[in-house]
Amino acid sequence: MANYEFDIGVIGGGAAGLTVTAGATQLGAKTLLVEKDKELGGDCLHFGCVPSKTLIKSAHVYHQMKNPKAYGLPPVDVPPVDFKQISERIRSVIGTIQKHDSEERFCKLGAKVELGEPTFSDEHTIRLNGKTYSAKNWVISTGSSAVAPPIPGLDKTPYITNREIFYMDHLPQSMIILGGGPIGSEMGQAFNRFGTKVTIVDQATQILGKEDPDMAELVKGVMESEGVEFHLGASIESVKDLGREKEVVVKTDDGKRRSLKAEIILVALGRGANVGGLGLDEIGIDFSLSGIKVDNRLRTSQKHIYAAGDVAGGFQFTHAAGYEGGIVVSNAIFHLPRKTNYTFLPWCTYTDPPLGSIGMNETMAKQAGIRYSTWVEAFKDNDRSLAEGEKIGKIKMILDEKEKPIGVQILGPNAGDLLAEWVAILNGKVKLSTLAAAVHPYPTIGEINKRVAGTYFSPKIFSDKVKKTLKFFFHLKGRACSPEECVV
Ligand SMILES: Cc1cc2nc3c(=O)[nH]c(=O)nc-3n(C[C@H](O)[C@H](O)[C@H](O)COP(=O)(O)OP(=O)(O)OC[C@H]3O[C@@H](n4cnc5c(N)ncnc54)[C@H](O)[C@@H]3O)c2cc1C
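(A) Quick look at the pattern of salt bridges. In total, this model carries 25 salt bridges according to the counting rule given. Note that Arg 193 is salt-bridged to Glu 226, the shortest N-O span being 2.7 Å. Linking Arg 193 in helix H6 (residues 182–194) with Glu 226 in helix H7 (residues 213–226), this pair joins segments that are 33 residues apart in sequence. When salt bridges with common partners are traced through the structure, they connect Lys 36, Asp 37, Asp 43, Arg 163 and Arg 271 into a single cluster.

(B) Structural detail: the site of the ligand. Looking at the ligand, there are 35 residues lining it, with Ala 16, Glu 35, Lys 53, Asp 310 and Thr 318 nearest. Ala 15 is positioned such that a nitrogen or oxygen atom in its backbone is 3.0 Å from an oxygen atom of the ligand. With the chains in place, 93% of the 1000 Å² that the ligand exposes on its own is no longer accessible. Secondary-structure elements contributing two or more residues to the shell around the ligand are helix H1 (15–26), strand S2 (31–35), helix H2 (42–46), helix H3 (49–66) and helix H8 (318–334).

(C) Up close: the pairing of strand S12 (residues 246–252). Among the seven residues of S12, six are classified as buried, and the element is accordingly described as predominantly covered. Note: strand S11 (residues 234–241) against S12, seven bridges, orientation antiparallel. Of the residues in S12, the one forming a bridge with Ala 234 is Thr 252. Between S11 and S12, which pair antiparallel and follow one another directly, the connecting turn spans four residues, one of which, Gly 243, has a positive phi of 100 degrees. Of the pairings in the sheet, the one linking S12 to strand S13 (residues 257–262) comprises six bridges and is antiparallel in character. Residue Lys 246 lies in a different strand from S13, and its bridge partner there is Ala 262. The hairpin turn running from S12 into S13, its antiparallel successor, is four residues long, and Gly 255 in that turn takes a positive phi close to 85 degrees.

(D) Region of the structure containing the packing of aromatic side chains. Applying the stated criterion to the full structure yields 15 aromatic pairs. Between the aromatic rings of Phe 6 and Tyr 133, the centroid separation amounts to 6.5 Å while the plane-to-plane angle is 40 degrees, which identifies the pairing as tilted. Highlighted residues: Phe 6 in strand S1 (residues 6–11) and Tyr 133 in strand S6 (residues 131–140), separated in sequence by 127 residues. Each member of the pair, Phe 6 as well as Tyr 133, is classed as buried. Ring geometry for Tyr 456 against Phe 457: centres 4.8 Å apart, planes inclined by 75 degrees, an arrangement best described as edge-to-face. The class of Tyr 456 is buried, set by a relative accessible area of 8%. One aromatic cluster is present, formed by Phe 315, Phe 317, Tyr 323, Tyr 342 and Trp 347 through successive ring pairs. Above the plane of the ring of Phe 6 lies Lys 30, whose end atom (NZ or CZ) is 5.1 Å from the centre.

Scoring rules and cut-offs
Residues numbered from 1 in each chain as written. Predicted model: local features only at pLDDT ≥ 70, side-chain atom pairs only at ≥ 80, totals over all residues. Heavy atoms only, no water. Salt bridge = Lys/Arg side-chain N within 4 Å of Asp/Glu carboxyl O. Helix = DSSP H or I, 4+ residues; strand = E, 2+ residues; numbered from the N terminus. Near = heavy atom within 4 Å. Polar contact = N/O pair within 3.5 Å; in protein donor to acceptor, adjacent residues only side chain to side chain. Areas by Shrake-Rupley, 256 points an atom, 1.4 Å probe, with all protein chains shown as cover. Buried < 20%, exposed > 50% of the residue type's maximum accessible area, 1.4 Å probe, protein only. Pairing = 2+ DSSP bridges. Phe/Tyr/Trp six-rings, centres within 6.5 Å; stacked < 30°, edge-to-face > 60°. Lys NZ or Arg CZ within 6 Å of the ring centre and 35° of its normal.

Have a look at this one:
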């Protein structure tokens, strides 16, 4: 049997790679972790979830400071945003979390951490900084990067992506965002709240293309009411650097061309897998820009080399990367053949209000040819929601023809956290009647989960048939007043 230096080698120290490294080392595997940046943590910590959610919180507070009347408070003079201070806060939050993701921590766990960009020299060996390292198994977890499509002029025009947006030295006066997906929508709303004039362009006719149109439309409505300008169904024809401003020419569905100008262009048009420079072609691994091809155990076309996280091209979320890291540990270290199952993988877009989703939405159910019914409860009917000043949004529960829940979408306050109960219900195959009967604390926004389950049972419980049966057996006398008498 060949003698390799390491049991497992991990390339990329983000959510997926760190999960594998922590799991493998703690199980006694001799582990090598290679990261190209100077710090571990990946996109989520440095250029993704953490900075974006920190920035969104600042934008939320600033928005409330500018709207005290909504809470019965006196008006206040709110000075303009100093973006350097927001950036500083972002760096400070990252700095605190960085300690959990430090080289030192992983070294203490027992991993050898090397910085640099490796290339496979054969299926078991990499070349890195003039040395070679061999491992029995490898995991490629190099993440993804913002894609810049071949739009005429884009390559000659300065633009920013998620790598620069959190670290700008000033608040831009205006920003055109190319792409109305989760990143474009989250950043669009936040920067607009800070005072930047934001325009979002997307060739699709709705923002947040994975979501049901009615939910996405509600998010767009809130953002529009706050001043974000949208050009949807608009193809981007060209981009030009005009010096102080940049120009984006769009052509809308009706054939009209419009010239949009702004100080900054943010490109948020999707993500491409980080596969360059690894020498994957040479060792016969199938891949494309959308990701490395893997089977349901996350094995690439070389069975001892796994791919996990964004680079595998599936669900591009931190929790998906962590989940996949766990699958790799099961397969490569425990030798337990564990397969991926994304049926109830939740996700959330952190606009205000946020839009959370688990399982199938209506669009997916239609595409899958599933006959379904929807059950809806509005946040304006939730007492706590009203007390919090949150009137917009709804929860939508989707049942299949056997009346089993197959998905839930929540647009409203704390949507991401509200999904937690559904994560347990759907994964644990808990009966809907259990949720509907379970006492939830009052007044909480979480009561909406119980209420939406109740919308399914109410018509059955309070039906004419039940009333007639009760009348027959227990001689109930029926209404105490006629409906006409109720009109005051
Ligand atoms: C603006 C933004 C906001 C986001 N918000 C959320 C959110 O709220 N919730 C959520 O779940 N997800 C969010 N995401 C997605 C999330 O960041 C990713 O899904 C997650 O980081 C993927 O983890 P990963 O381990 O696959 O990749 P990464 O975390 O990107 O890690 C990849 C690592 O590999 C390294 N690397 C790359 N190439 C090489 C190489 N050749 N050699 C060695 N190392 C290499 C990189 O430097 C990096 O450290 C957001 C993303 C963005 C851009």
